[in-house]
Amino acid sequence: GLIVSDATGMAGLGSWMTRAEFVPEVIAAGCDVVLFTPTLAADIATVEQALEDGRLTWARIDEAVARQLALKAALGLHKNPPVPRGERSRSKDRTFADDVMARVPTLVRDRKGVLPLSPEKTHCIYLVSEGIVRPMEATPRPLALAEMLRAEGFEVTEHEWGTPVSPERHDLLLFAFAEESLLTRGTITLDWLGMNGHFIPALKRHWHDLPSLMISFGHPYYLYEATHVPAYINAYSGIPEMQRAVVDAIMGRKPFR
């Protein structure tokens, strides 16, 4: 029954009140463990002051401590040596994770029968992607999607970000975006200019000329700006396991749920 906070330094909490105000309120509301204290001594002083002025009760503190001790006892941490933990079954974990991942990809639309893909139907793929864009990392990480598709028998041409998108002589135009939404990124948008590197090619929408599919492995609202893209999938996460689940779905091996 232990309740643990998320990171208490996040603006979603700090925008409401000062730390000296919210730490006692978080505990009084039932949270037993407060994560990410910038200064432990200051947080302890805050709790002590709240006990003095009545914002917190010793009964609530005792309840929180009892839950922490109960969890430690359940894990055998009070014994010397501690109770050994059983080995996890990685194969069972993998099966469970794969099953969860298979349920996630959402086929929002396929208006022109683009799916399922196959090397016979759309052998040559033109892939447009900036990679995995994360707010806490300075440069994007590459997606594994291109290599996954090559392993399936597709010929994949990877677009160089910042140069004109040129999918001519290809069978499929595939946009794959993996941008994570966080408060520190007030706006996520389809950066046609950054993608193409110049104003004129940034105006071109190639999905009228050849089969096109847009996949988002993150921010799920690109259809507001790509209203007429014929096929669109939301997958919500850029981790390799999710990319694999999407490949299975777009090739028809697993159903979209």
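Just so it is clear, the structure is predicted and the values come from calculations on it, not from any experiment.

Asker: It is not clear to me how the overall build of the protein chain should be interpreted in this structure. Could you clarify?
Answerer: Per the secondary structure count, the protein chain includes nine helices and nine strands. For a compact globule of 257 residues, the expected C-alpha radius of gyration is about 18 Å, and the protein chain comes in at 25 Å, more than 25% above that figure. Dimensions of the protein chain, computed from the C-alpha atoms along their principal axes, are close to 75 × 45 × 30 Å. For the protein chain, buried positions account for 37% of its 257 residues. Taking the intrachain contacts of the protein chain between residues at least 6 apart in sequence as the baseline, contacts between residues at least 24 apart amount to 68%. As presented, the protein chain carries roughly 15,100 Å² of accessible surface, and 58% of it is formed by carbon and sulfur atoms.

Asker: Where do I start with the environment of M214 in this structure?
Answerer: Examined against the element boundaries, M214 turns out to sit in strand β8 (residues 212-216). Note: C-alpha distance between M214 and I233 (19 residues apart in sequence) is 6.4 Å. If sequence neighbours within four positions are ignored, M214 has contacts with F175, F177, L190, W207, Y222, A226, V229, A231, Y232 and I233.

Asker: How do you make sense of the packing of aromatic side chains when you look at a structure like this?
Answerer: Aromatic rings considered in pairs are described by the distance between their centres and by the relative angle of their planes. Overall, the coordinates contain six aromatic pairs when judged by the stated rule. Between F175 and W192 the ring centres are 5.9 Å apart and the planes differ by 90 degrees, which places this aromatic pair in the edge-to-face class. Of the two residues, F175 is situated in strand β7 (residues 172-179) and W192 in helix α7 (residues 192-196); the sequence distance between them amounts to 17 residues. The pair F175 / W192 is uniform in exposure class, with both members buried. With centroids separated by 6.5 Å and ring planes inclined at 75 degrees, the aromatic side chains of F175 and W207 adopt a geometry described as edge-to-face.

Asker: Help me understand the side chain of S216, please; the structure alone is not making it clear to me.
Answerer: Its place among the elements puts S216 in strand β8. From its side chain, S216 meets the backbone oxygen of H219 in a polar contact 2.5 Å long. For S216, the contacting residues outside a window of four places in its chain are F177, Y222, Y232, I233, N234, A235 and Y236.

Rules of the game
- Residues numbered from 1 in each chain as written.
- Predicted model: local features only at pLDDT ≥ 70, side-chain atom pairs only at ≥ 80, totals over all residues.
- Heavy atoms only, no water.
- Helix = DSSP H or I, 4+ residues; strand = E, 2+ residues; numbered from the N terminus.
- Rg over C-alpha atoms; globule rule 2.2 N^0.38 Å.
- Buried < 20%, exposed > 50% of the residue type's maximum accessible area, 1.4 Å probe, protein only.
- Contact = heavy atoms within 4.5 Å.
- Areas by Shrake-Rupley, 256 points an atom, 1.4 Å probe, with all protein chains shown as cover.
- Phe/Tyr/Trp six-rings, centres within 6.5 Å; stacked < 30°, edge-to-face > 60°.
- Polar contact = N/O pair within 3.5 Å; in protein donor to acceptor, adjacent residues only side chain to side chain.

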